[in-house]
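# Secondary and tertiary structure notes
Read off the chains here:
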Amino acid sequence: MKDDFLTRRMPAEWEHQSMVQLTWPHKDTDWASTYDDIVETMTEMAIAIAENQKLLVVSQIKRQTIAHLKKAMTEKQFCNTTIVACRTNDTWARDHGFITVFEYPHAVSPNDPSIAEQHIHKVKLLDFKFNGWGNKFEANFDNHINSRIYETGAVKGEYENHDDFILEGGSIESDGKGTIFTTANCLLAKNRNKHLTKEQIEEQLKKRLGATRIVWFNHGSLKGDDTDGHIDTLVRCAPNETLIYASHKKADKQNIKEISKLYHEIHKIRNTYGRPFKLVSLPFPEPITDNEGNQLPATYINYLVINKAVIVPIYGQPINDKEACDVLARIYPEREIIPIDARPIIKQHGSVHCLTMQYY
């Protein structure tokens, strides 16, 4: 198949990053009842990131966050950390953060092995509208975080306002070669861009992100997921034409039907050259419930790749936790595997990847 040459490209997560963003919790959010636990977990994440690369922390209470991180971090880690003051509704940087794309002065081949390192490009910071996952939650402050941090100079690139289109970072996954993976449950939900058809949404994604094709999954939304089925809880791209997915063989009874349908969809898709992807599964965690017995959307798929490490959510399940870490160690042999206890995070229906956004 002939290359679809690109002038704009959304990089893959494993490409070299300039920094990672965390949006820090405070007691005026849904974290109030578990505040100490989530701060401890996010501090572990902050240390893991800042040990390896630059970290951006957005905080409603800047002085308090500075004092806390200065005490918790080494000098190197704290020097790698920039803290910006900004009012926030919540902590989910993946969905309110900038989405980065590269823009090239001339068309490039997505299959050029040097595309990530050697081609001259501009960094574009795309600021999409965030409406609290379809107006389920307040997002009036979170929707303005990007413009605020851009004004401070904390992020580098050219700002692009895309406030006319609702898009969350967790709803899309890029292979870095022009293919964007997403889910119909989320992007076609009437509480997002209800005036647009599937074809029109696909056209917008191609235009704004520089994609040459969009791969849609129609199944797989996890029980307890309030994002309407974000792709980063279900299927992830990895190097060498690899897709990592949540295993249907170990799915619990609440998820088995949808995850099995997703498995069949994954096996039918092909890469840009018409060949099957290399498919690798991660285990399904044993069910985790909230205090009322409602199942939470726990998944190992919600890991974060950074420059020298992979931060993996674990759930106090030794066999499953080890299997997930071992699989990702084989996929990313040159990166350190850093497990983070995600049980405090899952109480608010998210995990490691949901709390973070990388910049390039």
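The present account deals with the structure reproduced in this document. (Residues numbered from 1 in each chain as written. Predicted model: local features only at pLDDT ≥ 70, side-chain atom pairs only at ≥ 80, totals over all residues. Heavy atoms only, no water.)

### Comments concerning the sheet that holds strand β4 (residues 81-85)
Judged by pairing direction, the sheet is mixed, and its four strands sit side by side in the order β4-β3-β2-β17 without closing on themselves. A single partner strand is all that each edge strand has here, and the edge strands are β4 and β17 (356-359). Averaged over all neighbouring strand pairs, the angle between strand axes comes to 25°, with direction disregarded. The sheet contact formed by strand β2 (residues 19-23) and β17 spans four bridges and is antiparallel. Pairing of leucine 22 across the sheet is with threonine 356, part of β17. Sheet strands touched by helix α1 (residues 35-52): β2, β3 (54-59), β4 and β17. Its angle to β2, the strand with the most contacts, is close to 165°. Helix α2 (residues 62-72) rests against β3 and β4 of the sheet, and its axis sits at about 160° to β4. (Pairing = 2+ DSSP bridges. Helix = DSSP H or I, 4+ residues; strand = E, 2+ residues; numbered from the N terminus. Axes fitted to C-alpha atoms, helices over the stretch in contact; angles between N-to-C directions. Contact = heavy atoms within 4.5 Å.)

### As for the side chain of threonine 179
Mapped onto the secondary structure, threonine 179 falls in strand β9 (residues 179-183). Residue classification places threonine 179 among the buried residues on the basis of a relative accessible area of 0%. There is a polar contact of 3.0 Å between the side chain of threonine 179 and the side chain of arginine 213. Setting aside anything within four residues of it in sequence, one finds threonine 179 in contact with Glu173, Ser174, Arg213, Val215 and Thr272. (Buried < 20%, exposed > 50% of the residue type's maximum accessible area, 1.4 Å probe, protein only. Polar contact = N/O pair within 3.5 Å; in protein donor to acceptor, adjacent residues only side chain to side chain.)

### Topic: unusual backbone geometry
The residue tryptophan 133 is not glycine, and still its phi comes out positive at about 55°. Mapped onto the fold, tryptophan 133 is located in helix α5 (residues 132-135). Of note in this structure, aspartate 228 is not a glycine but carries a positive phi near 70°. Looking at the element boundaries, aspartate 228 is found in the loop between β10 (213-217) and β11 (235-238). Classification of aspartate 228 by relative accessible area gives partly exposed; the value is 21%.

### Describing the packing of α1 against α2
Here α1 crosses α2 at 60°, and the two axes come no closer than 11 Å. On the basis of the axis angle, α1 is oblique to α2. Two packed elements cross with a definite hand, and for α1 against α2 that hand is right-handed. Here Tyr35, Val39, Thr43, Ala46 and Ile47 of α1 come into contact with α2, specifically with Gln64, His68, Leu69 and Ala72. Within the contact of α1 with α2, the residues separate by chemical class into six nonpolar, three polar and no charged. (Parallel < 35°, antiparallel > 145°, perpendicular 65-115°, else oblique. Left-handed = near helix turned anticlockwise from the far one by under 90°. Nonpolar A, V, L, I, M, F, W, Y, C, P; charged D, E, K, R; others polar.)

### Structural notes on helix α8 (residues 198-209)
Residues that lie three or four places apart on an α-helix share one face, since the helix turns once every 3.6 residues. An ideal rise of 1.5 Å per residue puts 16 Å on 12 residues; α8 measures up with 16 Å between its terminal C-alpha atoms. Every buried residue of α8 is accounted for by Ile201, Gln204, Leu205, Arg208 and Leu209. All buried residues of α8 fall inside an arc of 100° around its axis, so they share one side. Away from its buried face, by an angle of more than 90 degrees, α8 presents the exposed residues Glu199, Glu203 and Lys207. (Expected span 1.5 Å × (residues − 1). Arc of directions from axis to C-beta.)

### A few points about α1
With 18 residues, α1 should cover 26 Å at 1.5 Å per step; its first-to-last C-alpha distance of 26 Å lies within 8% of that length. Residues of α1 that are buried: Tyr35, Ile38, Val39, Thr41, Met42, Thr43, Met45, Ala46, Ala48, Ile49, Ala50 and Asn52.

### Concerning the environment of aspartate 175
Take aspartate 175: it is sitting in the loop between β8 (172-174) and β9. Since its relative accessible area comes to 12%, aspartate 175 is described here as buried. Taking the C-alpha atoms as reference, aspartate 175 lies 26 Å from glutamate 51; in sequence the two are 124 residues apart. Ignoring anything within four residues of it in the chain, the contact list for aspartate 175 reads Ala12, Trp14, Phe181 and Cys237.

### Concerning the pattern of salt bridges
For the structure shown, the criterion picks out 18 salt bridges. Among the salt bridges present, the one from glutamate 103 reaches lysine 124, with a minimum N-O distance of 3.6 Å. Linking glutamate 103 in strand β5 (residues 99-108) with lysine 124 in strand β6 (residues 122-129), this pair joins segments that are 21 residues apart in sequence. Residue glutamate 103 is classed as partly exposed on the basis of its relative accessible area, which comes to 25%. A salt bridge links arginine 208 to aspartate 164, with the shortest nitrogen-to-oxygen separation between them at 3.0 Å. Separated by 44 residues along the polypeptide, arginine 208 in helix α8 and aspartate 164 in strand β7 (residues 158-166) bring together distant segments of the chain. Taking the relative accessible area as the measure of exposure, arginine 208 reaches 10% and is therefore buried. Residue classification places aspartate 164 among the exposed residues on the basis of a relative accessible area of 54%. (Salt bridge = Lys/Arg side-chain N within 4 Å of Asp/Glu carboxyl O.)

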